[in-house]
Amino acid sequence: MDYGDGDFAEANRLPGIYTGRILKGKDAPTCLQQAAKVQLIVNLKTAKALGIAVPPSWLGRAD
C-alpha cells in the first residue's frame, strides 16, 4: 500500500516552474509547495501473499 504523490508529472512540474523563474532572473521561491493531488494505491496480490487484510474502506478510497 502506498499513500502519496503518485502523479510523477505533477511532482516534477513545480521544480521546473521554479527553475524557469530562477533562470529568468526572478527571485527564488522562499516557500515550498506540496502537490495537491495524492493517490492511495493498494497492491491486493502482495497484501494477500503477506496475509494482510485490507479494510474495505481503503479499497473504496484507492485509486
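Analysis parameters
- Residues numbered from 1 in each chain as written.
- Predicted model: local features only at pLDDT ≥ 70, side-chain atom pairs only at ≥ 80, totals over all residues.
- Heavy atoms only, no water.
- Helix = DSSP H or I, 4+ residues; strand = E, 2+ residues; numbered from the N terminus.
- Buried < 20%, exposed > 50% of the residue type's maximum accessible area, 1.4 Å probe, protein only.
- pLDDT = per-residue confidence, 0-100.

Enquirer: So what exactly am I meant to see when it comes to the overall build of the chain here?
Expert: Along its length, the chain carries 3 helices and 2 strands. When its helices and strands are written in sequence order, the chain yields β-α-β-α-α. Of all 63 residues assigned to the chain, the portion counted as buried reaches 13%.

Enquirer: Would you take a moment to explain the confidence of the model for the chain for this structure?
Expert: Low-pLDDT portions of the prediction should not be read for the details of their coordinates. Mean pLDDT for the chain: 78, with 73% of residues reaching 70 or above. The weakest mean pLDDT in the chain belongs to strand β1 (residues 2-4) at 53; the strongest belongs to helix α2 (residues 44-50) at 93.

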